[in-house]
Amino acid sequence: MKSIRDLPLARLAMASVMALGLAQCDREPREQPVDAEPIVETPVPEPEIATPATLDRSAFLGAISRAGSAYAIGTTASGTDPLVGRTFAIRLPFGCGRPQPATSATPSDAEGTARSPDAGVPTLAWGPENETLRLSLTPDDWSDTALITSSGAGDRWEAVEGFWVSRPWLGSEACPQTIARDPLGGGAGQADPQTVGLASVHETDSSRLGRRDGQAYRFTLRGEDDRAPVPSPRGYRVVLEGRFASFPDGRAIRCRAASIDQRPVCIAAVQLDRVAFEDGASGTVLSEWRPG
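Since we're looking at a predicted model, the values are computed, not measured. (Residues numbered from 1 in each chain as written. Predicted model: local features only at pLDDT ≥ 70, side-chain atom pairs only at ≥ 80, totals over all residues. Heavy atoms only, no water.)

## Concerning the overall build of the protein chain
Going by this rule: Helix and strand definitions here come from DSSP, where helices need a minimum of 4 consecutive H or I residues and strands a minimum of 2 consecutive E residues; each element is numbered from the N-terminal end. Burial status follows relative accessibility: with a 1.4 Å probe on protein chains alone, a residue under 20% of its type maximum counts as buried, one over 50% as exposed, and anything between as partly exposed. The criterion used for residue contact is that any of the two residues' heavy atoms lie within 4.5 Å. Only the protein chains shown count as cover for residues, and all accessible areas are computed by the Shrake-Rupley method using a 1.4 Å probe.
A count of helices and strands for the protein chain gives three helices and 12 strands. Going through the 292 residues of the protein chain one by one, you find that 33% of them count as buried. The contacts in the protein chain between residues at least 6 apart in sequence include a share of 76% that link residues at least 24 apart. In the structure as shown, the protein chain presents an accessible area of about 19600 Å², 52% of it carried by carbon and sulfur atoms.

Here's what the structure looks like:
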């Protein structure tokens with residue numbers, strides 16, 4: 001048997017080429033890398049949060065809270081106030097418990113207009129002999145209050161008629177639930193002082209239409225078949241509609257406080273277009289007033 005050394009060089013070269021070819025055939029062909037196209041992420045636009053054109057009670061109280069906070073920390077807003085000129089429809093729930101007892105006639109002024117001890121807040125009271133229910137709202141006279149006079153509007157506004165937004169912690173337009181007992185174990189508490197209000201402003205030498213001059217908005221509910229009316233189980237509401245005006249500094253809301261430990265009193269300057277009484281359960285309009 002001949003050794004590999006005895007084979008001719010040509011035969012050795014041919015054998016090497018054939019072996020290499022067989023080895024190449026046994027291998028799977030490699031896939032050539034393909035340049036991947038870059039992934040372009042299309043930004044998804046954030047959904048636009050629709051801002052209601054007309055502010056309701058909750059939105060108004062939010063603006064009041066921001067104004068009170070800014071006043072407390074001493075910041076002054078710059079630029080145009082976006083609240084000025086905006087429309088509002090704010091509901092004030094009242095008569096949420098028992099109606100007030102009937103009272104005797106209250107003293108009247110020279111024009112015969114009854115003066116209410118609850119000026120600026122709506123009330124529900126029984127009429128004589130509990131035969132009727134009286135809904136009433138007497139605007140308060142804020143013309144000479146320190147908050148108005150210190151604003152520099154004394155010469156600009158001939159009259160300022162005020163309405164308090166009671167229970168400013170209540171964003172809902174419905175009556176609050178009746179609390180069975182105080183969870184802290186105390187007795188019946190006193191109502192908190194009023195701290196949020198709407199000031200219906202009337203320019204000097206402007207039309208007197210829409211001005212109340214101390215006269216109350218009133219509506220009387222009567223029962224059927226000579227029976228006493230039944231109070232609405234969810235109370236009643238006053239509806240105040242109009243546009244936000246501005247104080248001389250160009251802001252719609254003005255706040256003041258006697259000390260840093262007191263909640264600021266904040267009021268908004270407005271021009272009223274409509275005042276109405278509603279049934280708190282059905283939403284039925286009982287009576288309404290519009291200037292002119």
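## Considerations on the state of the cysteines
Selection rule: Note on terminology: disulfide denotes any pair of cysteine sulfur atoms within 2.5 Å.
Scanning the entire structure with this criterion turns up two disulfides. A sulfur-sulfur separation of 2.1 Å characterises the disulfide bridge that pairs cysteine 96 with cysteine 175. Between cysteine 96 and cysteine 175, the S-S torsion sits near -75 degrees, and that sign places the bridge as left-handed. With cysteine 96 in the loop between strand E2 (87–94) and strand E3 (123–126) and cysteine 175 in the loop between strand E6 (157–164) and strand E7 (196–203), this pair connects stretches of sequence that are 79 residues apart. A disulfide bridge connects cysteine 255 with cysteine 266, and the sulfur atoms are separated by 2.0 Å. Because the torsion about its S-S bond is 110 degrees, the bridge between cysteine 255 and cysteine 266 counts as right-handed. Of this pair, cysteine 255 sits in strand E10 (residues 253–256) while cysteine 266 sits in strand E11 (residues 265–279); the two residues are 11 residues apart in sequence, bridging distant segments of the chain. The burial state of cysteine 255 is the same as that of cysteine 266; both residues are buried. With its disulfide-bonded cysteines labelled consecutively along the sequence, the protein chain is connected as 1-2, 3-4.

## Some points on the sheet that holds E3
Rule in force here: Paired strands, as defined in this entry, are two strands with at least two bridges between them according to DSSP. The axes are straight lines fitted to the C-alpha atoms, using for helices just the contacting stretch, and the angles between their N-to-C directions are given from 0 to 180°.
Pairing is antiparallel across the open sheet formed by three strands, whose spatial order is E3-E4-E8. At either end of the open sheet lies a strand with only one pairing partner, and these are E3 and strand E8 (217–222). The mean angle between the axes of side-by-side strands here comes to 20 degrees, regardless of whether they run parallel or antiparallel. With four bridges connecting them, E3 and strand E4 (residues 132–137) associate as antiparallel partners. Directly across from alanine 125, in E4, lies its bridge partner arginine 134.

## Focus: the nonpolar core
This is how it is decided: Buried Ala, Val, Leu, Ile, Met, Phe, Trp, Tyr and Cys residues that are joined via side-chain atoms within 4.5 Å together make up what is termed a nonpolar core.
Counting residues in each nonpolar core, the largest one holds 35 residues, and the members touching the most others are Phe60, Phe88, Leu198, Val238, Leu240, Phe244 and Ile253. Per-element accounting of this core gives the leading share, six residues, to E11. Not counting the four nearest positions on each side in its chain, phenylalanine 88 is found in contact with Thr54, Leu55, Leu198, Leu240, Glu241, Gly242, Arg243, Phe244, Val270 and Leu272. Trp142, Val160, Trp164 and Phe247 belong to the second largest nonpolar core, which has 14 residues in total.

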